[in-house]
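Here are the chains, one letter per residue:
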Amino acid sequence: MVVEQMAGNLIQGLVLGAVYGMATMGLSLIFGVLKVVNVGHGAFIMVGAFIALLLFNTLGINPVLAVPLAFLFGLGLGLLFYYSVMQRLIKAPELATLLATFSLGLLLQEVVKLLFGSEYRGYNWAVGKIDLGITVLPMSKLYACAGSALIAVLLYLWFNKTRAGSAMRSVVEDSEGARVCGVNVGAAYALSFSLGIGLTVASGVLLTMFIPVGINPYMGGHYTLKAFVIAVLGGLASPYGAFFGGLVFGLLENGSYTLFALIPGVEPFALTRFFSFLMLLIILLIRPTGLLSEKRT
Amino acid sequence: MLNVKRVESGYGSMQVLWQPSIQVKKGSITSLLGPNGVGKSTLLNTIFGSIEPWGGEVYYEEENVTRVPTHKKVEMGIALVPEGKHLFSNMTVYENLSMGAYLKRALAHKEESLELVYTLFPRLKERTQQLAGSMSGGEQQMVTIARALMTRPRLIMLDEPSQGLAPKLVREVFETIQKMKEEIGLTILLIEQNAEASLEAADFVYVMHEGIIKAQGTPDQIKGSAEIREAFLGI
């Protein structure tokens, strides 16, 4: 019984983990290339969630189609924020970029609140479910998982098989080295920032395919926290590391939930969060470079 | 080939360069001497464009390139071997060299460049699949120079290429620089703290101190002046 429940929850965790991973890739990409921590990360996820909600509820557009639209919107938003704000701060002390991304997050929250109000909203996309015997998976969750995996693979191919991707990798490794090879480092910064924001906004759509309720301007906060834990799990500067970090996080979250639920008189969900951050602390203590990071020289 | 006129630059509000002017003749080795912290690296980085010039002008083959962005300068044939190597440590030697052939003009001649680089550094040919970060200091310096050659430069600027190397390797680096001039026909601007070796290799020498050019001449003229040697070079 418990074993079955655990197996079922772990399957759910793996599916959710893929989406978590995808939702962290943008954070890792921006950190890897620009060495900027996007503290406003969750707000960009929230923007994606609103794009999914509005497209579905007003135009009846399928969330799967909303993913590329949200990605394009995020690319534009990223370019706008890069050239208006971030570009000036690249060489400034870290505090400046932290404050800037924090304020951009607040700005987005307040603009969305002004336009759409602050009540909790949701949408209902019924596309059936499949029964695995030990657990029931809605098709929407499977689509979200498959979409996340596909995007991770595409990003991997882009990074490793294209000329622009190799330029980006060289900037991650050593921006001065990239410069002497003739890479336009400024353009690489702009591209990776907007790509990171595009991925993050798109991940907001995927997350609503998983949890289509509770959409409101302030929903991003706990995703920022989760993304930090996942990014550290995955080695911080690597988008694919982040993807696998997401899988691990999804498994840990759901696995620990199942175990905590066995303890009488305990509210398992609250403990799950405690457990996640305990994991973060332990990892930072034993492997400050991240659990899944390659051996860096 | 390179004509630097009264450039000024620095970091933040601290001015480092106080209008030094230098000229590098086509096909020559020009050496910039002087102790640490007098602005030699700043001058190279200002010529290359990694540091934005505050004033003055830089001409490359008669063209004003003072404010041309670095990636365009690389395309025009200016290469920099930066101090501290700046290799891509988690990439293989081959991937590092390939990054040198990143721009279109270099990419079109990648195979020729590889052949040239492997002739110059046969050891790299045996190590194409090794991660650059796992190599010895001397080998890493070879990769850095080789990567710069992959950009197919006509002018190559080297910032302390022998720094931290054992005497035998220092000799190898200087032999390579000679070969780059004689066999490939490159023009070379060299920064060195190793004054004796550079005086040996150079065709023309500038002595820099506190952001200005204190002396200039042929190596024999510089060696001949006890005053310059004692005051600025310590030899």
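Before reading on, note that the structure itself is shown above.
Parameters and conventions
Residues numbered from 1 in each chain as written. Chains lettered and ligands numbered in written order. Predicted model: local features only at pLDDT ≥ 70, side-chain atom pairs only at ≥ 80, totals over all residues. Heavy atoms only, no water. Helix = DSSP H or I, 4+ residues; strand = E, 2+ residues; numbered from the N terminus. Rg over C-alpha atoms; globule rule 2.2 N^0.38 Å. Buried < 20%, exposed > 50% of the residue type's maximum accessible area, 1.4 Å probe, protein only. Polar contact = N/O pair within 3.5 Å; in protein donor to acceptor, adjacent residues only side chain to side chain. Contact = heavy atoms within 4.5 Å. Phe/Tyr/Trp six-rings, centres within 6.5 Å; stacked < 30°, edge-to-face > 60°. Core = buried A, V, L, I, M, F, W, Y, C linked by side-chain atoms within 4.5 Å. Buried area = accessible area lost by both parts, 1.4 Å probe. Salt bridge = Lys/Arg side-chain N within 4 Å of Asp/Glu carboxyl O. Nonpolar A, V, L, I, M, F, W, Y, C, P; charged D, E, K, R; others polar. Pairing = 2+ DSSP bridges. Axes fitted to C-alpha atoms, helices over the stretch in contact; angles between N-to-C directions.

Engineer: Go over the overall build of chain B with me, naming the residues and quoting the values.
Structural biologist: Scanning chain B from terminus to terminus reveals 11 helices and 11 strands. Taking 2.2 N^0.38 as the reference for a compact globule, 235 residues should give roughly 18 Å; the C-alpha atoms of chain B span a radius of gyration of 17 Å, in line with that estimate. Projected onto its principal axes, the C-alpha coordinates of chain B cover approximately 50 × 40 × 30 Å. Burial statistics for chain B: of 235 residues in total, 55% are counted as buried.

Engineer: If you had to explain the side chain of N38(A) to someone new, which residues and values would you point to?
Structural biologist: All names here are of chain A. If you trace the backbone, N38 turns up in the loop between helix 1 (2–34) and helix 2 (41–59). A polar contact is formed between the side chain of N38 and the backbone nitrogen of G40, at a distance of 3.1 Å. Look past the residues within four positions of N38 in its chain and what remains in contact with it is L27, F44, T101, I197 and F228.

Engineer: I'd like a description of the packing of aromatic side chains, backed by residues and values.
Structural biologist: All names here are of chain A. Tallied over the entire structure, the rule returns 13 aromatic pairs over all chains. Aromatic side chains F56 and Y123 sit 5.0 Å apart centroid to centroid with 35° between the ring planes, which places their arrangement in the tilted category. Here F56, found in helix 2, pairs with Y123, found in the loop between helix 4 (94–116) and strand 1 (129–131); they are 67 residues apart in sequence, far enough to count as distant. Assigned by exposure class, F56 and Y123 land together as buried. Ring geometry for F159 and Y240: centres 6.1 Å apart, planes at 90°, overall edge-to-face.

Engineer: I'd love a proper account of the nonpolar core, names of residues and values included.
Structural biologist: Formed by 113 residues in total, the largest nonpolar core has its most connected members in L43(B), I47(B) and M157(B). For this core, the element with the highest residue contribution is helix 8 (residues 185–210) of chain A, accounting for 15 residues. Residues contacting I47(B), with those up to four places away along its chain left out, are L2(B), V4(B), I22(B), V58(B), K73(B), M157(B) and L189(B). If you look at the next biggest cluster of nonpolar residues, it comprises 46 residues, including Y118(B), V173(B), V205(B) and I228(B).

Engineer: Describe in detail unusual backbone geometry, supporting the description with residues and values.
Structural biologist: All names here are of chain B. At R152, a residue that is not glycine, the phi angle is positive and equals roughly 55°. Looking at the element boundaries, R152 is found in the loop between helix 7 (137–150) and strand 8 (155–159). For R152, a relative accessible area of 26% translates into the label partly exposed. Here E210, not a glycine, exhibits a phi torsion of approximately 45°, which is positive. Within the element layout of this structure, E210 appears in the loop between strand 10 (204–209) and strand 11 (212–217).

Engineer: For the interface of chain B and chain A, give the residues involved together with the corresponding values.
Structural biologist: For interface size, the figure often reported is the accessible area lost on association. Contact with chain B, which involves 23 residues of that partner, is made by 19 residues of chain A. Summed over both sides, the interface between chain B and chain A buries roughly 1900 Å², with carbon and sulfur atoms accounting for 56% of that surface. In terms of surface lost to chain A, no three residues of chain B exceed F88(B), N90(B) and Y102(B), which account for 31% of the buried area on that side. Viewed at the interface, chain A and chain B are joined by one salt bridge. Among the salt bridges present, the one from R169(A) reaches E95(B), with a minimum N-O distance of 3.9 Å. On inspection of chain B and its partner chain A, the count reaches five residue pairs in polar contact (both at pLDDT 80 or more). For the side of chain B that touches chain A, the secondary-structure elements that each account for two or more residues are helix 2 (70–76), helix 3 (93–100) and helix 4 (104–108) of chain B. By residue class, the composition of the side of chain B that touches chain A is 11 nonpolar, nine polar and three charged.

Engineer: Tell me what's going on with the pairing of strand 4 (residues 29–33) of chain B, and back it up with residues and numbers.
Structural biologist: Residues and elements named next belong to chain B. Across the five residues that make up strand 4, a large majority, five, are buried. Where burial is concerned, the two faces of strand 4 agree: the one with I29, S31 and L33 and the one with T30 and L32 are both buried. The sheet contact formed by strand 4 and strand 9 (residues 187–192) spans five bridges and is parallel. By the bridge assignment for strand 9, S31 is matched with L190. Pairing analysis gives four bridges linking strand 4 to strand 10, with the strands arranged parallel.

Engineer: Provide a residue-level description of helix 3 of chain B, including the pertinent values.
Structural biologist: Most of helix 3 of chain B is tucked away, with six of its eight residues classed as buried. Every buried residue belonging to helix 3 of chain B is among V93(B), N96(B), L97(B), S98(B), M99(B) and G100(B), and all of these are buried.

Engineer: Outline the sheet that holds strand 7 (residues 78–81) of chain B, listing residues and values.
Structural biologist: All names here are of chain B. On the basis of which strands lie adjacent, the open sheet formed by six strands has the order 7-8-9-4-10-11 and mixed pairing. The strands lining the two open edges of the sheet, one partner per strand, are strand 7 and strand 11. On average, adjacent strands in this sheet sit at an angle of 20° to one another, irrespective of strand direction. Bridge count between strand 10 and strand 11: five bridges; the pairing is antiparallel. Each bridged residue has a counterpart across the sheet, and for V205 the counterpart in strand 11 is G217. In the packing of helix 7 onto the sheet, the strands contacted are strand 7 and strand 8, and the crossing angle to strand 7 comes to about 170°.

Engineer: Summarise the environment of L284(A); cite the residues concerned and give the values.
Structural biologist: Residue and element names in this part refer to chain A. The residue L284 is located in helix 11 (residues 268–286) in this model. Judged by its relative accessible area of 39%, L284 falls in the partly exposed class. C-alpha of L284 to C-alpha of C181: the two residues are 103 residues apart in sequence and 35 Å apart in space.

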